[in-house]
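Residue-level listing of the chains:
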Protein chains: 2
Amino acid sequence: MFTLAEENYLKAIFHLENDYGTGVSTNAIADKMDTRASSATDMIQKLADKKVISYQKYKGASLTKKGKSIAVNIIRKHRLWEVFLVEKLDFQWDEVHEIAEQLEHIKSDELIQRLDLFLGHPDFDPHGDPIPDKNGYIKPTEKKLLSKLKKNQQGICVGVKESSAKFLQYLDTRKIGIGSSIKVIEKEDFDQSMTIQVSNKQFFITKQISENLYLKTI
Amino acid sequence: MFTLAEENYLKAIFHLENDYGTGVSTNAIADKMDTRASSATDMIQKLADKKVISYQKYKGASLTKKGKSIAVNIIRKHRLWEVFLVEKLDFQWDEVHEIAEQLEHIKSDELIQRLDLFLGHPDFDPHGDPIPDKNGYIKPTEKKLLSKLKKNQQGICVGVKESSAKFLQYLDTRKIGIGSSIKVIEKEDFDQSMTIQVSNKQFFITKQISENLYLKTI
DNA sequence: CTTAAAATTTAGACAAGCCTAAAAAATAAA
DNA sequence: TTTATTTTTTAGGCTTGTCTAAATTTTAAG
Ligand SMILES: [Mn+2]
Ligand SMILES: [Mn+2]
Ligand SMILES: [Mn+2]
Ligand SMILES: [Mn+2]
């Protein structure tokens, strides 16, 4: 069995490997966990002892098969709970992450199996992130960052990269959400800022925004 | 903010005061928490420092107003989650306690408020225990242990005292549950064993059973 | 290739919660 | 009321997860 801290480190390492490739540095982990490098080292050594990561001093860490399976299961729980909170309890999409951070650590396979059924086996969480199935399989989805689109290209918003409350609220005030149709009207070469069209309104957005919106191009 | 361990101690002290009156002994707490008296003393001193119990060396502990309010809130969460698990996820009443022991520590007032609404503001949990309202008020209910009834008296089962899976399964196999009509057919003076009638069937039960079933007499 | 900077690990400490063993206080027995 | 027993507290230690400061290794610069 794994402690809450161990579970959180495994999840962090999973996300880091996903985003920046295999072999995660101590500093990257410490950063994501909002702790000190020395604390990260301690935990990395413990996780290596438990065979859930492979690790050599000074060379970074990678999840083993077992470690990945644990991490994915926590992510599955996190996302299912987020669906529950939004679909059943009427929370907004910017309000659920912190609560799901707690709920993801509840230990009961039966509970998750039944929750999944109750929710109708959802494929995506409220932020457009895929929900791993009970075997840990994550269906690969073809989605593209808005920042990669050129002038006049368009797509449907299928997810967000950042999912901080601040960013989600920014999107809310501009009526951008999962399912919104977005078209690039103008793109500034110098700073990658864009003018986009959502429904019948046009907005000016910075690179920081376009780099955090996933689209399915059409 | 209170740690998981602190919350569990507060809940234990609340239940002990409820069952055996104010001023709870160190041993009673250690016993309920399945720990050693020395550990209980450590925690008692910490809780006293935090002003959630009043305590004098060698004299036992009692919840302060603040401590009681925290304990009752945890119990409210526990019971609401049990309702959720049974009503929404189709768990059996003997399967929910352990999971609720985890869920009761999730910290979000908004979550509990919405869960309560989602469940339709239930008054009782699956074991017939009252659910405190958001102000911590527990509606007093008139219920009587089956063991207190005399021959030919009857009532409706409104709750169980014990709620271990073993006991609940015992009741299940005899089709006894919340709402069952129970009549005392025969009562043995010597050992308090009884013959009772449930629906059209008669059972022989020991004192241990009758002391753990709450009835509303009619 | 040697030095400077950055990244990582180690050493030593601390709080929370638990433990065992021993001391102290309260209670029961004689 | 003295002695024995039970209850409770204290003392000292251990594990988990964290920290700061110092040492070590790796990487980048000159
Ligand atoms: Mn989330
Ligand atoms: Mn999400
Ligand atoms: Mn329960
Ligand atoms: Mn219950």
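Participant: Outline the pattern of salt bridges, supporting the account with residue identities and numerical values.
Facilitator: A complete count under the given rule lists 18 salt bridges over all chains for this structure. In this structure, the salt-bridge partner of Glu110(B) is Arg114(B), at a minimum N-O distance of 2.8 Å. In this pair, Glu110(B) and Arg114(B) are both assigned in helix H6 (residues 109-118), four residues apart and thus about one turn of the helix distant. Several salt bridges share partner residues, and in doing so they unite Glu6(A), Lys46(A) and Lys50(A) into one network.

Participant: Go over the packing of aromatic side chains, please, and point to the residues and values.
Facilitator: What the rule picks out here adds up to nine aromatic pairs over all chains. A centroid spacing of 5.6 Å and a plane angle of 85 degrees characterise the contact between Trp81(A) and Phe84(A), whose relative ring orientation is edge-to-face. Placement of the pair is Trp81(A) and Phe84(A) together in helix H4 (residues 65-88), with a separation of three residues, close to one helical turn. As far as the burial class goes, Trp81(A) and Phe84(A) line up, both buried. Each member of the aromatic cluster is reached from another via a ring pair, and the members are Trp81(A), Phe84(A), Phe118(A), Trp81(B), Phe84(B) and Phe118(B). Positioned above the aromatic ring of Phe118(A), the side-chain terminus of Lys88(A) is 4.5 Å from the ring centre.

Participant: An account of the protein's contact with DNA strand D is needed here, citing residue identities and associated values.
Facilitator: Near DNA strand D you find 21 residues, and of these Thr3(A), Thr35(A), Lys46(A), Gln45(B) and Tyr55(B) are the closest. What you see for DNA strand D is that sugar and phosphate hold 73% of its atoms within 4 Å of the protein. The separation between a phosphate oxygen of DNA strand D and a polar side-chain atom of Tyr9(A) is 3.4 Å. Take Asp42(A): an N or O atom from its side chain is 3.4 Å from a base oxygen of DNA strand D. Breaking the surface near DNA strand D down by element, the ones donating at least two residues are helix H1 (4-20) and helix H3 (37-49) of chain A together with helix H2 (26-33) and helix H3 (37-49) of chain B. With five residues, the single largest contributor to the surface near DNA strand D is H3(A). Taken together, the residues of the surface near DNA strand D sort by class into seven nonpolar, ten polar and four charged.

Participant: Outline the packing of H4(A) against helix H6 (residues 109-118) of chain A, listing residues and values.
Facilitator: Residues and elements named next belong to chain A. As a packed pair, H4 and H6 sit with axes 10 Å apart at the nearest point and diverge in direction by 40 degrees. By the criterion of interaxial angle, the relationship of H4 to H6 is oblique. Handedness of the crossing formed by H4 with H6: left-handed. Here Arg76, Lys77, Leu80, Trp81, Phe84 and Lys88 of H4 lie close against H6, whose contacting residues are Leu111, Ile112, Leu115, Asp116 and Phe118.

Participant: Pulling in residues and values, what's your account of the coordination of the manganese ion (ligand 2)?
Facilitator: Residue and element names in this part refer to chain A. Those donors, Glu82 (OE), Asp125 (OD) and His127 (ND1), are the protein atoms that reach the manganese ion (ligand 2), and they lie 2.1 to 2.3 Å from it. Between the manganese ion (ligand 2) and the manganese ion (ligand 1), the interatomic distance is 3.4 Å, and glutamate 82 donates to each metal, bridging them. With glutamate 82 in helix H4 and aspartate 125 in the loop between H6 and strand E3 (144-145), this residue pair connects regions lying 43 residues apart in the sequence. Comparing glutamate 82 with aspartate 125 shows no difference in burial state: the two are buried.

Participant: Hey, could you go over the protein's contact with DNA strand C for me, with residue numbers and the actual values?
Facilitator: Gln45(A), Tyr55(A), Thr3(B), Thr35(B) and Lys46(B) are the nearest of the 21 residues found near DNA strand C. By atom count, sugar and phosphate contribute 74% of the portion of DNA strand C lying within 4 Å of the protein. Within the contact set of DNA strand C, a phosphate oxygen lies 2.6 Å away from a side-chain nitrogen or oxygen of Gln45(A). For the surface near DNA strand C, the elements supplying multiple residues, two or more each, are helix H2 (26-33) and H3 of chain A together with helix H1 (4-20) and H3 of chain B. Per-element tally for the surface near DNA strand C: the top contributor is H3(B), with five residues.

Participant: Can you break down the pairing of strand E7 (residues 201-205) of chain A residue by residue, with the values?
Facilitator: Residues in a regular strand project their side chains so that they alternate between the two faces of the sheet. Residue and element names in this part refer to chain A. Strand direction decides the pairing type here: strand E6 (residues 194-198) and E7, joined by five bridges, are antiparallel. Among the inter-strand pairings, valine 198 is bridged to a residue of E7, identified as lysine 201. Linking E6 to E7, which pair antiparallel, is a turn of two residues; within it serine 199 sits at a positive phi near 55 degrees.

Conventions and cut-offs
Residues numbered from 1 in each chain as written. Chains lettered and ligands numbered in written order. Predicted model: local features only at pLDDT ≥ 70, side-chain atom pairs only at ≥ 80, totals over all residues. Heavy atoms only, no water. Salt bridge = Lys/Arg side-chain N within 4 Å of Asp/Glu carboxyl O. Helix = DSSP H or I, 4+ residues; strand = E, 2+ residues; numbered from the N terminus. Phe/Tyr/Trp six-rings, centres within 6.5 Å; stacked < 30°, edge-to-face > 60°. Buried < 20%, exposed > 50% of the residue type's maximum accessible area, 1.4 Å probe, protein only. Lys NZ or Arg CZ within 6 Å of the ring centre and 35° of its normal. Near = heavy atom within 4 Å. Polar contact = N/O pair within 3.5 Å; in protein donor to acceptor, adjacent residues only side chain to side chain. Nonpolar A, V, L, I, M, F, W, Y, C, P; charged D, E, K, R; others polar. Axes fitted to C-alpha atoms, helices over the stretch in contact; angles between N-to-C directions. Parallel < 35°, antiparallel > 145°, perpendicular 65-115°, else oblique. Left-handed = near helix turned anticlockwise from the far one by under 90°. Contact = heavy atoms within 4.5 Å. Donors = N, O, S within 2.8 Å, 3.2 Å for Na, K, Ca; no water. Pairing = 2+ DSSP bridges.

Treat this as a map of the structure, not an account of what it does.
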